[in-house]
Each structure stands twice: as structure tokens, then as C-alpha cells.
Amino acid sequence: MGETTKLSTILMEAIKVNKKPFPWLKAFKAGVAAGLPVFIGILFDNLQYGLIAGLGGFAFLYTFPIPYAQLAKKLTWVVLAITACVFLGTIAAPYPIAAAILMGVIGATATFVFGAFRLIGPSALFFVLIFAMTTGMPIAPEEAFIRAGLAFLGGVFSWLLAMSGWFFKPHASEKNIVKRSYIELANFIDSIGTDKEIEFQYRVMATLKEAEQTLVSGYIPWRTTNFYHHLYVLYNYSNKLFLQVVEHFINQPKIPPEIGESLRIIARILDSKSIQDAAIIQLPQPNDMDEKTALLYKEITEAKDSLLKSNNDIKEQVHIVSPSVKRVILGEFDKNSIIFINSLRFGAFTILAAIIAYEFHFARSFWIPLSCVAVMSGATAVATFHRAIQRSFGTIFGIIIASLILVLHPTGYTIALLIFLLTFITELFIVKNYGLAALFFTPNSLIMAEVASVNNYSFSYFASARIIDVAIGVIIGLIGVWFVGRKSASSRLPHLTSKTIRSQAQVLYATRYFQMKLIVNPINLIK
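Residues numbered from 1 in each chain as written. Predicted model: local features only at pLDDT ≥ 70, side-chain atom pairs only at ≥ 80, totals over all residues. Heavy atoms only, no water.

*Asks:* Explain the nonpolar core to me, using residue names and the numbers behind them.
*Replies:* Counting residues in each nonpolar core, the largest one holds 86 residues, and the members touching the most others are L55, F58, F126, F127, L129, I419 and I447. The leading source of residues in this core is helix 4 (residues 68–92), at 10 residues. Those residues in contact with L55 that lie beyond four places of it in its chain are I82, V86, I130, M133, T134, M137 and M448. Residues F200, Y228, I255 and Y297 belong to the second largest nonpolar core, which totals 42 residues. (Core = buried A, V, L, I, M, F, W, Y, C linked by side-chain atoms within 4.5 Å. Buried < 20%, exposed > 50% of the residue type's maximum accessible area, 1.4 Å probe, protein only. Helix = DSSP H or I, 4+ residues; strand = E, 2+ residues; numbered from the N terminus. Contact = heavy atoms within 4.5 Å.)

And the structure:
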């Protein structure tokens with residue numbers, strides 16, 4: 001009975017549709033990034049080259065609302081990785097075993113990098129897809145540089161499209177997270193003395209942590225703006241305000257509502273066209289304040305007034321420290337690192353799925369490892385089962401749609417229009433449910449991969465062959481997670497817990513040592 005309930009719960013969560021708003025602009029840009037290169041290829045009477053350039057359009061799918069400084073670096077590496085995948089896929093196409101091994105290496109590397117640097121995005125999925133699709137093209141190693149160059153051009157176009165928003169709102173992500181920090185802090189202060197107090201406290205902590213990561217990732221040493229400096233100082237004030245509230249007001253009577261409203265006003269100032277509006281906006285002052293509340297209100301007023309300070313006055317308060325790339329990578333090369341272990345597992349089962357596909361001579365066999373990769377991309381074991389259910393149902397119905405389209409033998413600009421529409425709809429629904437996105441992503445990928453050879457195949461061929469491929473890939477992916485990965489995290493908890501305790505002990509010892517030095521010789525504080 002318990003197992004049945006658990007399975008039904010997993011199924012219901014897998015088909016649940018999120019209430020997030022549709023990302024209309026992003027979806028439109030994604031459609032343009034994928035469809036326009038194909039359109040240009042057709043314009044020059046070379047559909048095949050247009051489709052290869054369209055592979056570079058997948059780079060846009062790694063675009064997320066992060067600081068443009070981070071997005072520029074991230075997409076640059078994505079474009080270069082896609083270019084390399086197309087080049088290697090063309091070279092390795094005649095050698096199935098080499099292609100299988102390379103597919104696993106690509107998947108493991110992408111998984112490791114995205115995990116180590118905490119990057120948002122589909123991780124290894126599209127790199128493996130592009131490599132696999134390239135190996136399925138007509139074997140022509142001599143065209144490796146041409147194909148890679150075309151994919152690079154498509155990727156550069158995606159990069160430009162993704163970065164176009166920088167001209168209008170260069171610090172949109174940083175502003176939004178700082179604004180959200182003040183709103184969450186206001187909600188927390190309003191919840192003091194209620195049963196929601198702990199919940200809102202954790203929400204503030206999570207938001208402040210996200211704000212720190214966002215501001216650090218948006219920092220460019222050789223180009224910092226006045227607005228960025230103001231945002232960073234305002235973030236520092238939010239940290240100080242939170243600590244002040246936790247120290248003096250937890251389990252105390254309610255704080256005057258004017259305090260929370262003052263914080264919301266600061267958030268609204270950030271939304272205004274000019275932060276100089278802070279000069280004419282007055283914060284509501286509580287009628288009756290004790291000493292602690294007065295100090296808190298004074299700190300909030302200083303936070304608002306910091307928006308009016310000149311860049312030279314606040315620049316000295318900005319101190320950005322971020323770990324080096326070398327330190328991050330070496331820090332995850334550890335036998336107890338979950339990211340490292342998951343990357344090895346990911347690569348091993350991708351290789352296994354590819355070898356099975358190639359050795360048993362499945363038609364267009366790259367769909368087997370691709371389905372395996374899609375399933376294993378789940379963040380947790382439960383998420384993997386969700387992904388397996390979503391991938392299975394979405395792909396089955398997507399294959400039917402693709403097969404119906406392909407038997408009609410679309411040609412010319414119809415193909416470019418279909419790729420645009422299917423990519424557009426995929427990006428609309430990816431925020432709602434992965435299964436809904438797979439319903440449109442599958443026919444899109446099939447059209448790009450199969451359109452050159454579709455004349456020889458029937459509806460029944462496509463439907464049966466792809467469903468079998470997907471089923472085999474999903475099963476291999478589930479085996480990889482269930483029998484290898486389900487205890488990988490819990491088995492490392494003792495090591496990680498002891499490491500955390502040792503780190504806390506070192507911090508406490510260093511703090512105590514510093515305090516003792518000040519007691520013995522207070523002049524050290526000046527030094």
C-alpha cells in the first residue's frame with residue numbers, strides 16, 4: 001500500500017504543471033536563434049549547412065536571468081563547446097566505439113563543470129545531443145572544419161541575441177535580487193511574533209545567499225558602474241539589517257509596521273527610473289520607538305541615503321572576493337565529492353548506452369544515449385524518476401507528431417518555420433513541465449536530424465524505431481541512477497559532516513585567537 005502511494009505521488013508530481021509565467025521574449029529569441037540560420041541556409045540553397053548552423057542556436061538555450069558578465073563568459077564557453085562537439089562528432093563518426101567513449105567524456109565533463117561552478121542550465125544534454133546528431137550525419141571527416149565553423153557562426157549569433165538585453169538593462173539580475181532581498185526582509189520583519197516567523201527567516205537567508213552569489217558573479221574588475229556599486233552597498237546593508245533583527249527582535253513583540261514598509265519603499269526606489277528619487281522619498285517613521293527599534297530605523301535610513309552618495313564615496317565599501325577557477329576545479333576533484341562521483345557515473349552510463357546502441361546496430365542509434373542522458377540529468381533520484389516519466393510520455397507523443405510531419409516531406413522555408421515554432425513552444429513550456437517541453441523538443445530534434453533522409457521512411461518506421469530507442473535509453477538511465485547513484489550522497493555524509501565540524505572549529509579558533517591578540521595589545525586593531 002505504501003509503495004503504491006509513493007509511486008502515485010511520484011507520478012502526480014511528474015505531471016504537475018508549474019504556475020510560472022510564460023517566458024515569451026526568451027522563447028521568441030530561442031526560436032529565432034534556431035530557425036534563422038536554417039532560413040539563411042535555404043536562402044543560399046544549402047539546407048544542410050543551414051541545419052548545421054542551427055545546431056549553434058542551441059547555445060541560446062543556456063540563457064538564464066543571471067548577470068550579463070557571467071552570461072557572456074558562460075555562453076562563450078558554451079559556443080566553443082558546441083563547436084568542439086560538432087568537430088569531434090564529424091571526426092569520430094566512422095569509429096563507433098571512439099564515438100561512444102567521446103560521448104561519455106563530453107557528458108561527464110559538462111556535468112562536472114556545471115556542478116562545480118553551480119551553473120544554471122541543461123548541463124550536458126545539448127552537448128551530447130549535438131555530438132550525437134553530428135555522428136549521425138553523412139560520414140565526411142574532411143568537412144569537420146566546415147561543419148564546426150558553421151556551428152560556431154550559429155553560436156555567435158545566439159550569443160549576440162542573448163546579450164542584446166545588456167544595452168537596455170545591464171544590471172537587471174543584480175537589481176532584481178537586491179530588490180527581492182529587501183522585500184523578503186520586510187516580510188520577515190512583519191512576521192515577527194507569528195507562526196510564520198521561522199519560515200520567513202529561512203527565506204531571507206536563502207535570498208541573501210543568492211544575492212551574494214549574483215553580485216559576485218556580476219563583478220567585472222575592469223568595468224564597474226556606479227549603479228553596481230550602489231547595489232552592492234545596499235546588499236551589505238540588508239545583511240546588517242537582517243543580523244540586527246535576528247539579534248534583537250526574535251521572539252519579541254511585533255515590530256512597528258512602518259519598518260517593513262520602509263524596506264519596501266527602498267525596493268520600489270530600485271524599480272524607479274533613477275535612484276536619485278531617494279532624495280525626495282521619505283520613509284515612514286514609527287510614532288513610538290524604543291532604543292533598539294530606533295537603531296534599526298536609523299540603519300534603514302542610512303541604507304536609503306547610500307543611494308545618493310557619489311561613486312567615489314561608496315567605491316571603497318565594495319570588496320569582491322571570488323574563488324579562482326583553479327581552486328574550484330581542484331576542490332571538486334575528490335573521491336568524496338558528489339559532483340565528481342556523479343560526473344563519472346554520468347559518463348560511464350552514457351558510454352554504456354552508446355555502445356549498446358552502436359553494437360546492436362539500431363537505426364540512428366544516437367537517440368538511445370540521448371534519452372539516457374536526459375533521464376540522468378535529474379538533480380536527485382526522485383527528480384530522475386520524474387524526468388524518466390516526463391521524457392517517456394513527452395517523447396512518445398512527440399515522436400508521433402514528428403512522424404506525421406516527416407511523412408509529409410516538408411521542404412524549404414517550411415522546415416525553417418517548423419524549427420522556429422517548435423523551439424519557441426519548447427521554451428514556453430519548459431518552465432511549466434519538462435514532459436510538455438519534450439512533446440515539442442522531440443519533433444524539433446527529429447526534423448533537424450532526419451529531414452535530409454526522410455524520403456525513404458514511413459510513419460511506422462519513425463514511430464516504432466524512436467519509441468524503442470527512447471525506451472532503451474530511459475531504462476539504462478534509470479539503472480544508472482538506481483543501482484549506482486541512489487546511495488552516493490548519503491554514503492558521503494559522515495565525511496562531509498566531519499569536514500564541516502573541523503572547518504567550524506578552525507573558524508572559532510581563529511576568531512578566539514584574534515580576540516586574544518586585541519586584549520593583549522589593542523593597537524593591533526589599528527594595524
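Here the narrative resumes.
*Asks:* Which residues make up unusual backbone geometry, and what are the values?
*Replies:* For R118, which is not glycine, the phi dihedral falls at a positive 55°. By secondary structure assignment, the location of R118 is in the loop between helix 5 (96–116) and helix 6 (125–135). By relative accessible area, R118 is classed as exposed at 58%. Despite not being glycine, H409 shows a phi value in the positive range, around 55°. Mapped onto the elements, H409 comes out in the loop between helix 17 (381–406) and helix 18 (413–429).

*Asks:* If you had to explain helix 6 to someone new, which residues and values would you point to?
*Replies:* An α-helix turns once every 3.6 residues. As a result, residues three or four positions apart point the same way. The buried fraction of helix 6 amounts to 11 of the 11 residues, a majority that puts the element mostly inside the structure. For helix 6, every residue scored as buried is listed here: L125, F126, F127, V128, L129, I130, F131, A132, M133, T134 and T135.

*Asks:* Please set out the side chain of K175 residue by residue, giving values where relevant.
*Replies:* Here K175 shows up in helix 8 (residues 172–191). A distance of 3.3 Å separates polar atoms of two side chains, one belonging to K175 and the other to D271. If sequence neighbours within four positions are ignored, K175 has contacts with F227, L231, L270 and D271. (Polar contact = N/O pair within 3.5 Å; in protein donor to acceptor, adjacent residues only side chain to side chain.)

*Asks:* I'd like a description of the packing of aromatic side chains, backed by residues and values.
*Replies:* Inspection of the entire model under this criterion finds 20 aromatic pairs. Here the aromatic rings of W166 and F167 are separated by 5.4 Å at their centres, their planes lie at 75°, and the arrangement is edge-to-face. Since its relative accessible area comes to 31%, W166 is described here as partly exposed. Among the residues examined, F167 registers a relative accessible area of 65% and is labelled exposed. Through pairs of rings, three or more aromatic residues link up here, namely F22, W24, F28, F420, F424, F429 and F440. The side chain of K26 reaches across the aromatic face of F64, ending 4.0 Å from its centre. Looking at K432, its charged tip hangs above the ring of F22, at a distance of 4.6 Å from the centre. (Phe/Tyr/Trp six-rings, centres within 6.5 Å; stacked < 30°, edge-to-face > 60°. Lys NZ or Arg CZ within 6 Å of the ring centre and 35° of its normal.)

*Asks:* Tell me what's going on with the packing of helix 6 against helix 19 (residues 434–450), and back it up with residues and numbers.
*Replies:* Look at helix 6 against helix 19: their axes get within 12 Å of each other, and the N-to-C directions meet at 25°. Accordingly, the angle class assigned to the pair helix 6 and helix 19 is roughly parallel. The two elements helix 6 and helix 19 cross, and the hand of that crossing is right-handed. Facing helix 6, whose interface residues are L125, F126, L129 and M133, helix 19 presents Y434, F441, S445, M448 and A449. Taken together, the residues that form the contact of helix 6 with helix 19 break down as eight nonpolar, one polar and no charged. (Axes fitted to C-alpha atoms, helices over the stretch in contact; angles between N-to-C directions. Parallel < 35°, antiparallel > 145°, perpendicular 65-115°, else oblique. Left-handed = near helix turned anticlockwise from the far one by under 90°. Nonpolar A, V, L, I, M, F, W, Y, C, P; charged D, E, K, R; others polar.)

*Asks:* Give me the lowdown on the pattern of salt bridges, citing residues and values where you can.
*Replies:* Summed over all chains, the structure comprises 14 salt bridges. Across the pair K175 and D271 runs a salt bridge, and its minimum N-O distance is 3.3 Å. Here K175 is found in helix 8, whereas its partner D271 is found in helix 11 (residues 257–271), with 96 residues between them in sequence. A relative accessible area of 17% means that K175 is categorised as buried. Residue D271 is classed as partly exposed on the basis of its relative accessible area of 41%. One salt bridge in this structure joins E212 and K209, with 3.8 Å as the shortest N-O distance. Placement of both E212 and K209 in helix 9 (residues 197–217) is noted, with a separation of three residues, approximately one turn of the helix. Beyond isolated ion pairs, a larger network of salt bridges with shared partners links K175, K179 and D271. (Salt bridge = Lys/Arg side-chain N within 4 Å of Asp/Glu carboxyl O.)

*Asks:* Can you tell me about helix 9, naming the residues and giving the values?
*Replies:* Counted at 1.5 Å a residue, the expected span for helix 9 with its 21 residues is 30 Å, and the 30 Å between its end C-alpha atoms agrees. If you check which residues of helix 9 are buried, you get E197, F200, Q201, V204, T207, L208, A211, T214, L215 and S217. The elements touched by buried residues of helix 9 are helix 4, helix 8 and helix 10 (226–249). (Expected span 1.5 Å × (residues − 1).)

*Asks:* Now, about the environment of T134: what can you tell me, with residues and values included?
*Replies:* Examined against the element boundaries, T134 turns out to sit in helix 6. For T134 and L88, which are 46 residues apart along the polypeptide, the C-alpha to C-alpha distance reads 8.5 Å. Apart from the residues lying within four places of it in its own chain, the contact partners of T134 are L55, C85, V86, G89, T90 and R147. Engagement of the side chain of T134 in a polar contact is seen with the backbone oxygen of I130, the distance being 2.6 Å.

*Asks:* Go over a nonpolar patch on the surface with me, naming the residues and quoting the values.
*Replies:* Where nonpolar side chains cluster on the molecular surface, the patch consists of L36, F39, I40, L43, F44 and Y413 and spans about 600 Å² of accessible area. If you tally residues by element for the nonpolar patch, the top one is helix 2 (residues 24–43), at four residues. With respect to the helices and strands, L36 occurs in helix 2. (Patch = residues over 30% accessible without salt bridge, like charges linked within 9 Å, V, L, I, M, F, W, Y side chains within 5 Å. Areas by Shrake-Rupley, 256 points an atom, 1.4 Å probe, with all protein chains shown as cover.)

*Asks:* Give a description of the packing of helix 5 against helix 6 that names residues and reports values.
*Replies:* As a packed pair, helix 5 and helix 6 sit with axes 9 Å apart at the nearest point and diverge in direction by 160°. Relative to helix 6, the element helix 5 is oriented roughly antiparallel. Every pair of crossing elements has a handedness; the one defined by helix 5 and helix 6 is right-handed. Every residue of helix 6 that contacts helix 5 at A99, L102, M103, I106, G107, A110 and F114 is listed here: F127, V128, F131, A132 and T135. Looking at the contact of helix 5 with helix 6 residue by residue, the classes come out as 10 nonpolar, two polar and no charged.

*Asks:* Which residues make up the confidence of the model for the protein chain, and what are the values?
*Replies:* Should the pLDDT be low somewhere, the predicted coordinates at that spot are not to be read in detail. Taken as a whole, the protein chain shows an average pLDDT of 82; of its residues, 83% reach a score of 70 or greater. The weakest mean pLDDT in the protein chain belongs to helix 22 (residues 523–526) at 44; the strongest belongs to helix 7 (residues 144–163) at 96. pLDDT under 50 marks residues 517–527. Its contacts with residues more than four places away, or in other chains, come to four contacts. (pLDDT = per-residue confidence, 0-100.)

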